[in-house]
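Spelled out, the chains give:
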Amino acid sequence: MKILVPVKRVVDYNVKVRVKADGTGIETAGVKMSMNPFDEIGVEEAVRLKEKGAATEIVAVSMGVPQCAETIRTALAMGADRGILVETDAELQPLAVAKLLKAIAEKEQPKLIILGKQAIDDDMNATGQMLAALLGWPQGTFASKITIEGDGITVTREVDGGLETVALTLPAIITTDLRLNEPRYASLPNIMKARKKPIDNLKPADLGVDPKPRLTTVKVAEPPKRKAGVKVGSVAELVEKLKTEAKVI
Amino acid sequence: MTALVLLEFDAAGIKQPSRSAVAAAEKLGEVHALVAGSGIEAAAQAAAKLPGVAKVLTADVPPLDHLLAEPAAALLVGLAPNYDHLLAATTAVGKNIMPRVAALLDVQPISDIAEVVDTDTFVRPIYAGNGMATVKSSDPKKVITVRAASFDPVATEGGSAAVEPVNVPDLPEMSRFISAELSKSERPELTAARVVISGGRGMQSGENFNLLEPIADKLGAAVGASRAAVDAGFVPNDYQVGQTGKIVAPELYIAVGISGAIQHLAGMKDSKVIVAINKDEEAPIFQVADYGLVADLFKALPELKEELERS
Ligand SMILES: Cc1cc2nc3c(=O)[nH]c(=O)nc-3n(C[C@H](O)[C@H](O)[C@H](O)COP(=O)(O)OP(=O)(O)OC[C@H]3O[C@@H](n4cnc5c(N)ncnc54)[C@H](O)[C@@H]3O)c2cc1C
Ligand SMILES: Nc1ncnc2c1ncn2[C@@H]1O[C@H](COP(=O)(O)O)[C@@H](O)[C@H]1O
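Read on for an overview of the structure. (Residues numbered from 1 in each chain as written. Chains lettered and ligands numbered in written order. Predicted model: local features only at pLDDT ≥ 70, side-chain atom pairs only at ≥ 80, totals over all residues. Heavy atoms only, no water.)

Bringing the overall build of chain B into the picture now. Regarding its fold elements, chain B presents eight helices and 18 strands. In terms of overall dimensions, chain B has a C-alpha envelope of 60 × 40 × 40 Å along the principal axes. Of all 311 residues assigned to chain B, the portion counted as buried reaches 59%. Distance between charge centres in chain B, computed from 26 positive and 39 negative side chains, equals 2 Å. (Helix = DSSP H or I, 4+ residues; strand = E, 2+ residues; numbered from the N terminus. Buried < 20%, exposed > 50% of the residue type's maximum accessible area, 1.4 Å probe, protein only. Lys, Arg positive; Asp, Glu negative; His and termini not counted. Charge placed at Lys NZ, Arg CZ, Asp CG, Glu CD.)

What follows is the structure, encoded as structure tokens:
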């Protein structure tokens, strides 16, 4: 079974991002970039499936600027076998990413595609569901546990009230939630080995996809700032203030 | 312009996040509501009473139980020709279904809107709410999820919409519901509660979350948690507040033993009043707290319980 793992290059989750002064977007110049944390979980899950003998090959795909190759290298160092870079300077929105991934899936014929539930930059939480729709495949989103049995996959999903388990027929789409696994760190020997693994380089046009964005960003503003509060000296003072000043209890 | 809102419901009626989605839809035009599943009469009646809803559509067939994404999306796509906007709340259900609908319609979904500017322009948070992006859609139809915390829900009574069954198209059967393991609680739902009290890694164990219980009882609060507390197994996943968990904006949010990582703040910083209890006076949570108490939670929580009982 072949597994496809889309991995997005995003601003590292530890970076406190700032809105650009001209309101056109987020300041990303000189900022540390990393693999989207949910995609690390996706790569880890694929590697575990391969280690268990359930998967035979893992292909990591990233789309965007040339530096996305670094994100693919990270996936290769974690245990993916080869990479596909879809290179473009154009802004890619989930619909375009899903169309590009569909074209790749049609060529590669994977049985399983594991995406992150959400990219921590655009916070869309959309691409996996969209890819599932375009391929006509079932989807197991927000997965905290997956079990492959024959031609099916059982997925435990994190939902608002707790957990839900669904059974899907393969091929299928999975999107990862935080509790699916704890991703490994790549070891130095594996980082060295990853340098020799192949990465194909494609352009959106090679896949016959027009990636034009459907949403135009008019502006990006800072969220409203909270005004600085006060420190209280005791629990009694806290309760008093909540009652008489804030009037919330 | 007409908007269709996919509603979620339980035995108690239409869920609050869905009522917030109706409130957002009212800013776009006439609002129709969709109730799907089997044995949905009571839910359809509850939907008909929502102020602002002009018509309730029902799809009463068993394959729509549990609102699995594949059949639910097929249903919505079948209804889409009559609507300019298709909406649902940004819940596990809405997030699962709506992007699938959008892809089938060849449009880019507009996730988690916090404001309606006009019928094709919306404000949505990006980068864990560190930026508020105004986006304009060029698609002929808009498929939207609504950040419930940003829209006051419509009331549960006051409307009297007509209820109309729809023709249900052939629904795909590629997924099957097996089971649900839902947290049982007498407390209000996190996203609907007037007061939320959340514990973090500082709570040290699931057992210690019991210290929050009497306080939550007294305040009628829901109990939430940070990711660290969920990952450590102190409490179930559905307690998680944050960028990738639940977004809450109660009147009062009390963070106990939570450092205040950006991913956590993203889920609660729109609360009206924020209280933080943390033994580290440098903890970033104090930068957003209206009232900060630097204290050991194991001392402060019993005191807080007593103080609330006294008053
Ligand atoms: C992709 C991604 C998504 C994430 N999504 C979320 C999310 O949705 N929600 C979320 O919460 N986090 C999320 N996180 C995690 C986030 O980055 C933080 O790791 C997490 O919020 C920390 O939880 P915490 O504050 O409980 O733990 P810590 O940061 O360890 O803080 C514990 C705090 O407790 C205090 N403390 C300890 N003992 C006591 C005591 N006895 N009395 C009083 N105070 C005490 C300490 O001073 C400290 O400030 C996400 C991270 C990633 C990478
Ligand atoms: N440019 C991209 N390259 C590779 N994968 C992507 C890209 N954009 C989105 N994805 C995948 O889609 C998931 C969800 O992203 P989003 O829908 O943008 O929140 C991510 O976690 C990735 O797995």
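As a further point, take helix H1 (residues 16-26) of chain B. Residues three or four positions apart in an α-helix share a direction because the helix packs 3.6 residues into each turn. H1(B) sits mainly inside the fold: nine of its 11 residues count as buried. All of the buried residues in H1(B) are Pro17(B), Ser18(B), Arg19(B), Ser20(B), Ala21(B), Val22(B), Ala23(B), Ala24(B) and Ala25(B).

Residue and element names in this part refer to chain B. Locating Ala36 in the fold gives a position in strand S4 (residues 30-37). Residue classification places Ala36 among the buried positions, given a relative accessible area of 5%. Along the chain, Ala36 and His66 lie 30 residues apart, while their C-alpha atoms are 9.1 Å from each other. If we ignore the near neighbours within four places in the chain, the residues touching Ala36 are Phe9, Ala59, Leu64, Leu67 and Leu75. (Contact = heavy atoms within 4.5 Å.)

Our next topic: the packing of aromatic side chains. Here the structure, examined in full by the defined rule, presents one aromatic pair over all chains. The ring of Phe286(B) is capped by Lys231(A), whose NZ or CZ atom sits 4.7 Å from the centre of that ring. (Phe/Tyr/Trp six-rings, centres within 6.5 Å; stacked < 30°, edge-to-face > 60°. Lys NZ or Arg CZ within 6 Å of the ring centre and 35° of its normal.)

Moving on, we get to the interface of chain A and chain B. Where the parts come together, the accessible area they lose is often given as the size of the interface. Listed per partner, the contact involves 75 residues of chain A and 82 residues of chain B. Buried area between chain A and chain B, both sides added, is near 6,700 Å², and the carbon and sulfur share of it is 55%. The largest share of the area that chain A buries against chain B comes from Asp160(A), Arg214(A) and Arg226(A), three residues that together contribute 11% of it. Measuring nitrogen to oxygen at the nearest pair gives 2.8 Å for the salt bridge that ties Arg226(A) to Asp290(B). There are 47 residue pairs in polar contact (both at pLDDT 80 or more) connecting chain A and chain B. Where the side of chain A that touches chain B is concerned, the elements lending two or more residues are helix H3 (94-108), helix H4 (127-135), strand S7 (139-149), strand S8 (152-159), strand S9 (162-169), strand S12 (215-221), strand S13 (230-232) and helix H6 (235-244) of chain A. Ranked by residue count, the leading element in the side of chain A that touches chain B is S9(A), at eight residues. By residue class, the composition of the side of chain A that touches chain B is 40 nonpolar, 17 polar and 18 charged. (Buried area = accessible area lost by both parts, 1.4 Å probe. Salt bridge = Lys/Arg side-chain N within 4 Å of Asp/Glu carboxyl O. Polar contact = N/O pair within 3.5 Å; in protein donor to acceptor, adjacent residues only side chain to side chain. Nonpolar A, V, L, I, M, F, W, Y, C, P; charged D, E, K, R; others polar.)

A few words on the pattern of salt bridges. Pairing between side chains becomes possible if they bear opposite charge and their charged atoms approach one another. Residue and element names in this part refer to chain B. In the structure shown here, the tally under the stated rule is 31 salt bridges over all chains. Between Lys299 and Glu303 there is a salt bridge, with its nearest N and O atoms 3.2 Å apart. Here Lys299 pairs with Glu303, and both are found in helix H8 (residues 297-310), just four residues apart, close to one helical turn. Exposure remark for Lys299: the relative accessible area of 56% places this residue in the exposed category.

Around ligand 1, 28 residues are found, and the nearest of them are Arg201(B), Ser226(B), Gln240(B), Ser259(B) and Asn278(B). Mapping the residues near ligand 1 onto chains gives chains A and B. Thr244(B) has a polar side-chain atom sitting 2.8 Å from a nitrogen atom of ligand 1. Here Asn278(B) contributes a side-chain N or O atom positioned 2.7 Å from an oxygen atom of ligand 1. Here ligand 1 loses 87% of its free accessible area of 980 Å² to cover by the protein chains. For the shell around ligand 1, a count of residues per class yields 10 nonpolar, 13 polar and five charged. (Near = heavy atom within 4 Å. Areas by Shrake-Rupley, 256 points an atom, 1.4 Å probe, with all protein chains shown as cover.)

Residues and elements named next belong to chain B. Read across the open sheet, the seven strands follow the order S7-S11-S6-S1-S4-S5-S12; overall the sheet is parallel. Sheet topology places strand S7 (110-113) and strand S12 (162-165) at the edges, where each strand pairs with a single neighbour. Across the sheet, the mean angle separating the axes of adjacent strands is 25 degrees when strand polarity is ignored. Bridge count for strand S1 (residues 2-6) against strand S6 (residues 85-89) is three bridges, and the pairing is parallel. Across the sheet, residue Val5 finds its bridge partner in S6, namely Leu87. Together, S1, S4, strand S5 (53-60) and S6 form the strand contacts of helix H3 (residues 69-79), whose direction differs from that of S4 by roughly 145 degrees. (Pairing = 2+ DSSP bridges. Axes fitted to C-alpha atoms, helices over the stretch in contact; angles between N-to-C directions.)

A word on the site of ligand 2. All names here are of chain A. In the vicinity of ligand 2 lie 19 residues, with Asp39, Met63, Ala119, Asn125 and Thr127 positioned nearest. Contact distances for ligand 2 include 3.1 Å between an oxygen atom and a backbone N or O atom of Pro6. Within the backbone of Met63, an N or O atom sits 2.9 Å from a nitrogen atom of ligand 2. When the free accessible area of ligand 2 is taken as 480 Å², the share hidden by the protein chains comes to 98%. Contributing elements (two or more residues each) for the shell around ligand 2: strand S4 (57-64), H3 and strand S6 (112-116). For the shell around ligand 2, the element with the highest residue contribution is S4, accounting for three residues. Taken together, the residues of the shell around ligand 2 sort by class into 10 nonpolar, six polar and three charged.

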